[in-house]
Amino acid sequence: MALNISEGKKLRDPKKLPEHVAIIMDGNGRWAKRRGMDRVRGHQKGAESVREIVRTSRELGIRWLTLYAFSEENWKRSKYEIRTLMTLLRRFLKTELDEMLENGIRLQAIGRITKLDESTRQTLARTMEQTAQNRDMVLTLALSYGGRQEILDAFRSLALRLELGDISLDQITEETIARSLYTSSMPDPDLLIRTSGEYRVSNFLLWQIAYTEFYVTPTLWPDFGKQEFLLAIEDYEHRERRFGATAEYLERKT
Ligand code: FPP
């Protein structure tokens, strides 16, 4: 489907648009419960929100969109719920492929992907390969992802390189740590959105969100659509980002 990309661009000042938006998609279960439905119905409706937010991000010209689709902690859910989430993921990858190809969207995944079932890993690998040449937007799905586990994996790989004499102690810097994370090729998020009203980070991108702006909305993920996403972006555009410095200092530097 052709996106209304020029329309999105007209609306906003590209200098103020966040380059990287990350989202903790929360509230699918509650959405279903409030309607007396099974939790998985919430995930099904949530998958439609994923579609709408990916599409809107591309229309706006956002370069990086990262979605928390399945956390390390989510393995504690019932087998039925996990199976449904994986089925929805595979279905999403298949149905959205043409749109990703038409609109220059590259798909990638971060997390302990080897823990996913064979069929989901294959679908993921195929989609990543088919979209690898796309350059306009990167859609990253965090799958079997945990921020602490990511930092642990980075520690281990740096410790190994140190032990092998590949690097020295003073070569362990913020940059080498960042390059050892799953997100090594990505900029840090400018904006982190969390739906369903909880003020928690839930083990998401712990290293990367040091200076990220937060936007929390009570809206449950299945109800989070284009209009609410635009509100979040607009809210971000009014933030003053100082990265720990004063406004005067930043003004002198520009
Ligand atoms: C949180 O809701 C959401 C998840 C655990 C998974 C997110 C999954 C989707 C949006 C559906 C499919 C994904 C893709 C990429 C197509 P919750 O179940 O924790 O809600 P609750 O806190 O109300 O119980």
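Computed from a predicted model, the values in this text were never measured in an experiment.

Reading the values: rules and limits
Residues numbered from 1 in each chain as written. Predicted model: local features only at pLDDT ≥ 70, side-chain atom pairs only at ≥ 80, totals over all residues. Heavy atoms only, no water. Core = buried A, V, L, I, M, F, W, Y, C linked by side-chain atoms within 4.5 Å. Buried < 20%, exposed > 50% of the residue type's maximum accessible area, 1.4 Å probe, protein only. Helix = DSSP H or I, 4+ residues; strand = E, 2+ residues; numbered from the N terminus. Contact = heavy atoms within 4.5 Å. Near = heavy atom within 4 Å. Polar contact = N/O pair within 3.5 Å; in protein donor to acceptor, adjacent residues only side chain to side chain. Areas by Shrake-Rupley, 256 points an atom, 1.4 Å probe, with all protein chains shown as cover. Nonpolar A, V, L, I, M, F, W, Y, C, P; charged D, E, K, R; others polar. Pairing = 2+ DSSP bridges. Right-handed = clockwise from strand over helix to strand, strands pointing away. Phe/Tyr/Trp six-rings, centres within 6.5 Å; stacked < 30°, edge-to-face > 60°. Expected span 1.5 Å × (residues − 1). Arc of directions from axis to C-beta. Axes fitted to C-alpha atoms, helices over the stretch in contact; angles between N-to-C directions. Parallel < 35°, antiparallel > 145°, perpendicular 65-115°, else oblique. Left-handed = near helix turned anticlockwise from the far one by under 90°.

S.K.: Before we go on, may I ask you to explain the nonpolar core in this structure?
M.R.: As a rule of thumb, nonpolar side chains are buried together in soluble globular proteins. If you look at the biggest cluster of nonpolar residues, it comprises 38 residues, and the most contacted ones within it are Ile23, Leu139 and Phe229. Contributions of two or more residues to this core are made by strand E1 (20-24), helix H3 (39-60), strand E2 (64-71), helix H4 (79-95), strand E3 (105-110), strand E4 (137-145), strand E5 (191-194) and helix H9 (226-237). Residue contributions to this core peak at six residues, all from H4. If near-sequence neighbours (up to four positions away) are discounted, leucine 139 is found in contact with Val54, Leu65, Leu67, Phe92, Ile105, Arg106, Leu107 and Gln108. Ala22, Tyr68, Ala142 and Tyr145 belong to the second-largest nonpolar core, a separate cluster that totals ten residues.

S.K.: What should I look at first to understand the site of the ligand in this one?
M.R.: Neighbouring residues of the ligand: 16 residues in total, closest Asp26, Gly29, Arg30, Arg39 and Arg77. A distance of 3.3 Å separates an oxygen atom of the ligand from a polar atom in the backbone of glycine 27. Measuring from an oxygen atom of the ligand, one finds a backbone N or O atom of asparagine 28 at 3.1 Å. Protein coverage of the free-state accessible area of the ligand, which is 620 Å², stands at 92%. Looking at the shell around the ligand, the elements with two or more residues in it are helix H2 (28-34), H3 and H4. Looking at which element gives the most residues to the shell around the ligand, the answer is H3, with four residues. Class assignment of the residues belonging to the shell around the ligand gives a composition of six nonpolar, six polar and four charged.

S.K.: Got a minute to help me understand the pairing of E4 in this structure?
M.R.: Regular strands place their side chains on alternate faces of the sheet. In terms of burial, E4 is largely enclosed, as nine of its nine residues are buried. Relative to E4, E3 is paired through six bridges, and the arrangement is parallel. Across the sheet, the residue bridging to alanine 109 is leucine 141, located in E4. As a crossover connection, the stretch from E3 through helix H6 (residues 118-130) into E4 is left-handed.

S.K.: Whenever I open this one, the packing of aromatic side chains confuses me. Can you help?
M.R.: Note on aromatic pairs: each is described by the distance of the centres and the angle between the planes. On inspection of all chains with the given rule, the structure shows seven aromatic pairs. Through a chain of ring-to-ring contacts, the aromatic side chains of Tyr68, Tyr145, Tyr182 and Phe204 assemble into a single cluster.

S.K.: How should I be thinking about H6 in this particular structure?
M.R.: The periodicity of an α-helix, 3.6 residues per turn, causes residues three or four positions apart to be oriented the same way. Spanning 13 residues, H6 covers 18 Å between terminal C-alpha atoms, matching the ideal 18 Å at 1.5 Å per step. Among all positions in H6, only Thr120, Thr123, Leu124 and Thr127 are buried. Within H6, the buried residues cover an arc of 100° as seen down the axis, which keeps them to one side. The inward-facing, buried residues of H6 contact H4, helix H5 (97-102), E3 and E4. Its side-chain oxygen placed 3.2 Å from the backbone nitrogen of serine 119, aspartate 117 serves as the N-cap of H6.

S.K.: Sorry if this is basic, but what is going on with the packing of H3 against H9 here?
M.R.: When two helices pack together, their arrangement is given by the angle between the helix axes and the distance between those axes. Between H3 and H9, the least distance of the axes is 10 Å, while the angle of their chain directions is 50°. As judged from the angle between their axes, H3 and H9 are oblique. The way H3 lies across H9 gives a crossing that is right-handed. Touching Glu52, Ile53, Thr56, Ser57, Glu59 and Leu60 of H3 are Lys226, Phe229, Leu230 and Ile233, all from H9. Residue classes in the contact of H3 with H9 are distributed as five nonpolar, two polar and three charged.

S.K.: Explanation requested: the packing of H4 against H6 in the structure shown.
M.R.: The interhelical angle for the contact between H4 and H6, taken along N-to-C directions, is 25°, at an axis separation of 10 Å. Relative to H6, the element H4 is oriented roughly parallel. Regarding H4 and H6, the two cross each other, and that crossing is left-handed. From H4, Met86, Leu89, Arg90, Leu93 and Lys94 reach across to H6, where they touch Ser119, Thr120, Thr123, Leu124 and Thr127. The residue makeup of the contact of H4 with H6, split by class, is four nonpolar, four polar and two charged.

S.K.: What's the story with unusual backbone geometry in this structure? I'm lost.
M.R.: Excluding glycine, most residues fall at negative phi; most peptide bonds, likewise, are trans. In this model, serine 202 sits at a positive phi of 50°, which is unusual for a non-glycine residue. Among the secondary structure elements, serine 202 is positioned in the loop between E5 and strand E6 (213-216). Judged by its relative accessible area of 30%, serine 202 is partly exposed. Phi at leucine 205 is positive, roughly 45°, even though this residue is not glycine. Within the element layout of this structure, leucine 205 appears in the loop between E5 and E6. The exposure class assigned to leucine 205 is buried, which follows from its relative accessible area of 1%.

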